[in-house]
Amino acid sequence: MSGYRGLVVAGLVGTLVAAGPARAVEYKLEVVNLQDTALAAYAKTAELCDGASGPGLDRLVADLDAGTVPGGVFLGDRTLRWASESVSHAYGTVRVLADIRPGGRRRGSWDEVRWDGKPGERSVWVVAPGGSGRPQRLYRIVLKGEGPARQFMPYVPTGGSRSAAVKYPLSFLWFHEERGGLWDRYISHGLDLGEGLGAVVGENSNQFFPDQVYLIVQQAAQPTTYKAVLFWRDPTYNLEMPGLGDPRPR
């Protein structure tokens, strides 16, 4: 009888150990902001289809890793930030506070953040341009999660459509960030996190100020590096008039 009790106790201990808290896994997110003209140097026509992958996009990521992309296409006023408590709550994610290493043309291509997290949880990160920097429109985005680098043009999800890059009015996102429930009621129905990384673009209705981007990571079971390349352009109406010379009389 005592031997039987010992087996039962040992079994319970083993069960409790197996059901213990999941170990932390290290994740890394790398983000860079570029002029939209940089994409043309890499992407073939077929790679501009929504969700497409290919050797041109792979070469873009490799050149960014190697630091060989020309410095003139980098945008230095777009900063990667960790999310506030209200934003994390609205997107149904854990809040992560971690050191972010800024990139740019002088310090390496990528903004980079590393953190320890639990597999299966989500985290959200914000790319928020400072002031009224130009260009203002997030045009296209290349995402690399657990699969190959893929190119997307963000759009408003309708009719049950899903994509790894979706777009909503920024005022709409801000409204629901203050009240919560944004993820369950809206974002989860249109954002595809099948490869572990997605983007929600907040389109600014004030055309003189930039859009805002939320990058959502579905944390994998193993250490993973996630990458996002954001391409920006000016709105078509915001093109400057060609110079007419000095109008002052001589």
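Here the structure is shown first, and the text comes after it.
The paragraphs below set out a description of the structure included in this document. Remember, it's a predicted structure, so these values are computed and weren't measured experimentally.

As for its placement among the helices and strands, Q35 is situated in strand β1 (residues 25-35). Put simply, Q35 and W232 are 197 residues apart on the chain and 5.2 Å apart in space, counted from C-alpha to C-alpha. Those residues in contact with Q35, other than ones at most four positions away along the chain, are V73, L75, P135, F231 and W232.

Our next topic: the pattern of salt bridges. By the definition in use, this model includes 12 salt bridges. Ionic pairing is found between R101 and E112, a salt bridge with its closest N-O pair at 3.7 Å. Placement of the pair is R101 in strand β3 (residues 100-101) and E112 in strand β4 (residues 111-117), with a sequence separation of 11 residues. Under the relative-accessibility criterion, R101 is labelled partly exposed at 32%. Counted as one network, the salt bridges with shared partners bring together E26, R101, E112 and R114.

Conventions adopted
- Residues numbered from 1 in each chain as written.
- Predicted model: local features only at pLDDT ≥ 70, side-chain atom pairs only at ≥ 80, totals over all residues.
- Heavy atoms only, no water.
- Helix = DSSP H or I, 4+ residues; strand = E, 2+ residues; numbered from the N terminus.
- Contact = heavy atoms within 4.5 Å.
- Salt bridge = Lys/Arg side-chain N within 4 Å of Asp/Glu carboxyl O.
- Buried < 20%, exposed > 50% of the residue type's maximum accessible area, 1.4 Å probe, protein only.

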